[in-house]
Amino acid sequence: MTTTLRQLAELVHGQLCGDGELVIRAAHPLSEAEPGSITFIEDEKHAQQLSACQASAVVAPEGLSSNGLSVLRVADPVAAFVTIVRHLHGRAEPPVHGIDPHAWVHPTARIGADASVYPFAFIGEGSTLGARCRIYSGVVVGRFCRLGDDVTLYPHATLYDGTVLGDRAVIHANAVLGADGFGYRLQEGRHVKVPQLGRVEIGADVEIGACTTIDRGTFQATRIGDGTKVDNLVMVAHNCQIGRHNLFVSQMGIAGSSTTGDYVVVAGQAGIVDHVRIGDRATIGAQAGVTKEVPAGQRMLGSPATPERDQKRILMTLEKLPEIRRDVQRLKQRVGIEDRGSRIEDGSA
C-alpha cells in the first residue's frame, strides 16, 4: 500500500518536518532504504549514515539531524517505525479456522470460542483451551493441560500432561514443555530415576522460542513468570522458579531448583548451576558461568562469573601476562633464581 508522510505522522503522533504530501510506499532499515521508502534512526551514530541513504524520509528523535530528508520526530523511533512497518507491510491475522476435521480432540477436552485447531494437532483428555487460541499442525497438547485466552502454539510444539499456559502465551515450533527433569539417585551401583511428578506453569504474555525445553518439576511446578521472553535453544531445568519480565537469550541454560527475580537478563551461552538465586534486575553476560548467588542489580561476566568490574580487571591482567612473565624472568636472573618455567617450556624439566 502507499500513503503520505502526513498520514504517517498522524498514525504515530509524530511532528512532521518536511513535505507532508510526499508519497511513501515502503518502510526499510537504513541499509535497505530506497527512494519512496521511509527509514529510522535512533542516535547520532546512525544519523551519520543518512548521507549515503536513499530513503525519502526518516523517523528520528528530537535534536538529531535528518541530513535534509523529510522527517517525523517522535519520542520513540523504534516503536513508531514498527507501527509504520505494520501499516505498510503487515498482513492481517488469518481468519478463525475452527477445529479441523483432521485434528484429534479428545471428547472431554474443552475448546474456547473462536479457537483454531489445525490439521493433525492433538488435544488430550481433559485439556482446556481458552478463547481465540491458535493450535497449529503437529502440536501435541497432553492430558489435563490448561491454556488461557489468545495462546498460540506453533507447529510441533509439545505440551506434556498438566502444563499450564497463561493468556497470550506464545510457544514456537518444536519447543517442549513438561518433559521429565534430569533427576536420578545412585542406588546399588545403578542410576535410578526419581519420578518427576510436578508440572510446568507459564505466566501471561510469555514467549518461548523454537526448540527450547522447560522441564517439569520433581514434586512442584517449574514456573516462568509473566512477561518473560525466552529465546530459541534455551534449557530451563526442573523446579526452577523464573521471575517476571526476564530475558533469556539463545543457548543459555539454568540448572535445577534455581530462581531468578524480576527483570533479569541472561545473555547467550551463559550457564547457571543448580540451587542458586539471581536477584532482581541482575545481568549475566554471554558465556558466563554462574556458580553462586547473584545480588540484585549485579552485572556478572566470565566463568566462573564475577562482578563486571572485577572481570574487566582480570581480562586486562590476562592481556598483560606475557609482559609480566618477562619482567619476572628478568628479576629472577638478577637475583640468580633458576626459571623453572623456561625449562618446562623447552622440555628439559
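Above this text you will find the structure in question.
First, a word on what this report is: a plain description of the structure on this page. (Residues numbered from 1 in each chain as written. Predicted model: local features only at pLDDT ≥ 70, side-chain atom pairs only at ≥ 80, totals over all residues. Heavy atoms only, no water.)

## Remarks on the overall build of the chain
- Assigned secondary structure in the chain consists of six helices and 40 strands.
- Its C-alpha atoms give the chain principal-axis dimensions of roughly 85 × 70 × 35 Å.
- In the chain, which comprises 349 residues, the share counted as buried stands at 44%.
- Residue pairs at least 24 apart in sequence account for 17% of intrachain contacts in the chain once pairs closer than 6 positions are excluded. (Helix = DSSP H or I, 4+ residues; strand = E, 2+ residues; numbered from the N terminus. Buried < 20%, exposed > 50% of the residue type's maximum accessible area, 1.4 Å probe, protein only. Contact = heavy atoms within 4.5 Å.)

## What to know about the environment of Asp231
- Its location among the elements puts Asp231 in the loop between strand 28 (229-230) and strand 29 (235-236).
- Along the chain, Asp231 and Ile208 lie 23 residues apart, while their C-alpha atoms are 6.3 Å from each other.
- Not counting residues within four places of it along the chain, the set of residues in contact with Asp231 comprises Gly209, Thr212, Phe248, Val249 and Ser250.
- Here the side chain of Asp231 touches Ser250 through a polar contact of 2.9 Å, landing on its backbone nitrogen. (Polar contact = N/O pair within 3.5 Å; in protein donor to acceptor, adjacent residues only side chain to side chain.)

## Some details on the environment of Ala80
- Here Ala80 shows up in helix 3 (residues 77-89).
- For Ala80, a relative accessible area of 7% gives the class buried.

## Topic: the packing of helix 1 (residues 5-12) against helix 3
- Remark: helix 1 packs on helix 3, axes separated minimally by 10 Å, with the N-to-C direction vectors making an angle of 120°. The orientation of helix 1 with respect to helix 3, classified from their angle, is oblique. When the axes of helix 1 and helix 3 are compared, the crossing they make is right-handed. Seen from helix 1, the contacting residues are Leu8, Leu11 and Val12; seen from helix 3, they are Ala80, Thr83, Ile84 and His87.
- Tallied by class, residues from the contact of helix 1 with helix 3 come to five nonpolar, two polar and no charged. (Axes fitted to C-alpha atoms, helices over the stretch in contact; angles between N-to-C directions. Parallel < 35°, antiparallel > 145°, perpendicular 65-115°, else oblique. Left-handed = near helix turned anticlockwise from the far one by under 90°. Nonpolar A, V, L, I, M, F, W, Y, C, P; charged D, E, K, R; others polar.)

## Digging into the sheet that holds strand 35 (residues 271-272)
- Taking strand neighbours across the sheet as the criterion, the 10 strands line up as 9-12-15-18-21-26-29-32-35-38 in an open arrangement whose pairing is parallel. Of all the strands in the sheet, the pair left with one neighbour each is strand 9 (104-105) and strand 38 (289-290). (Pairing = 2+ DSSP bridges.)

## Considerations on helix 1
- Among all positions of helix 1, only Leu5, Leu8, Ala9 and Val12 are buried. The buried residues of helix 1 all sit within an arc of 105° when viewed along its axis, so they share a single face.
- Immediately downstream of helix 1, the backbone of His13 shows phi near 55°, a positive value. (Arc of directions from axis to C-beta.)

## Re the packing of helix 4 (residues 308-319) against helix 5 (residues 321-335)
- Remark: helix 4 packs on helix 5, axes separated minimally by 4 Å, with the N-to-C direction vectors making an angle of 55°. Judged by the angle between their axes, helix 4 and helix 5 are oblique. In this structure, helix 4 uses Thr317, Leu318 and Glu319 to contact helix 5, whose residues at the interface are Leu321, Pro322 and Ile324.
- Its residues placed into classes, the contact of helix 4 with helix 5 shows four nonpolar, one polar and one charged.

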